[in-house]
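# Descriptive structure summary
As a plain string of letters, each chain reads:
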Amino acid sequence: QREEVEKDVEGLKKFFRSQKDMPGKTKADIVKQIWKELPKHMDTPVAPLDEEMLVDLAKEPAVIEGEFKHSWGTAEKLYKSEAIDSFGNRYLLGVFENKAEAEKAFDAWNKEYEQAGKDVKENLKNWAKQQEAELAEEQDSVDRIRKALEEARR
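Criteria and cut-off values
- Residues numbered from 1 in each chain as written.
- Predicted model: local features only at pLDDT ≥ 70, side-chain atom pairs only at ≥ 80, totals over all residues.
- Heavy atoms only, no water.
- Pairing = 2+ DSSP bridges.
- Helix = DSSP H or I, 4+ residues; strand = E, 2+ residues; numbered from the N terminus.
- Patch = residues over 30% accessible without salt bridge, like charges linked within 9 Å, V, L, I, M, F, W, Y side chains within 5 Å.
- Areas by Shrake-Rupley, 256 points an atom, 1.4 Å probe, with all protein chains shown as cover.
- Salt bridge = Lys/Arg side-chain N within 4 Å of Asp/Glu carboxyl O.
- Lys, Arg positive; Asp, Glu negative; His and termini not counted.
- Charge placed at Lys NZ, Arg CZ, Asp CG, Glu CD.
- Buried < 20%, exposed > 50% of the residue type's maximum accessible area, 1.4 Å probe, protein only.

Here the focus is the pairing of strand S2 (residues 90-96). Note: strand S1 (residues 79-84) against S2, six bridges, orientation antiparallel. Looking across to S2, one finds that Glu82 is bridged to Leu92. Once S1 ends, the chain turns through five residues before running back antiparallel as S2, passing Gly88 with a positive phi of about 90°.

A grouping of Leu12, Phe15 and Phe16 is seen on the molecular surface, where their side chains present a nonpolar patch of about 300 Å² in accessible area. Mapped onto the fold, Phe16 is located in helix H1 (residues 2-17).

Our next topic: a negative patch on the surface. The grouping of Glu134, Glu137, Glu138, Asp140 and Asp143 at the surface amounts to a negative patch. You can see Glu134 is positioned in helix H5 (residues 99-153).

With that out of the way, let us pick up the pattern of salt bridges. Across all of its chains, the model carries eight salt bridges by this definition. For the salt bridge of Lys13 with Glu10, the shortest nitrogen-to-oxygen distance reads 3.1 Å. Residue Lys13 and its partner Glu10 are located together in helix H1, separated by three residues, close to a single helical turn. What makes Glu10 partly exposed here is its relative accessible area of 35%. The partner of Glu82 in a salt bridge is Arg90, with the nearest N and O atoms 2.9 Å apart.

This is the structure in structure tokens:
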């Protein structure tokens, strides 16, 4: 089982490493090349390409910046940075090429998480003060009404 998985992994890495940089080419150019080769490998005729689709694909570069030989398909080892909050919720912070980047992502998330906790506590304190002030105002009104009722009884 493990050997089979490892064989699949190596096959995928080989596939991703076989990418070729194609400056100036568009996705439409690639599709046309594939369509040209396809009949050699099929017994049935290949349907013609949709011109509208080719026009749309001609607007996109064949190689997108940052995706060429992406580390997710070629790296020997990757590091996952994950955080778990106090409620047990898990957050995938990213997948990185080295341990330092993964730790940096966690540290940034943790700093933000701790600051959010402090902000919540501060907001709760302010809310509690506001509620106490409103209750004090209400108590003053109640006291005035009681006093007026007592004076009216006399």
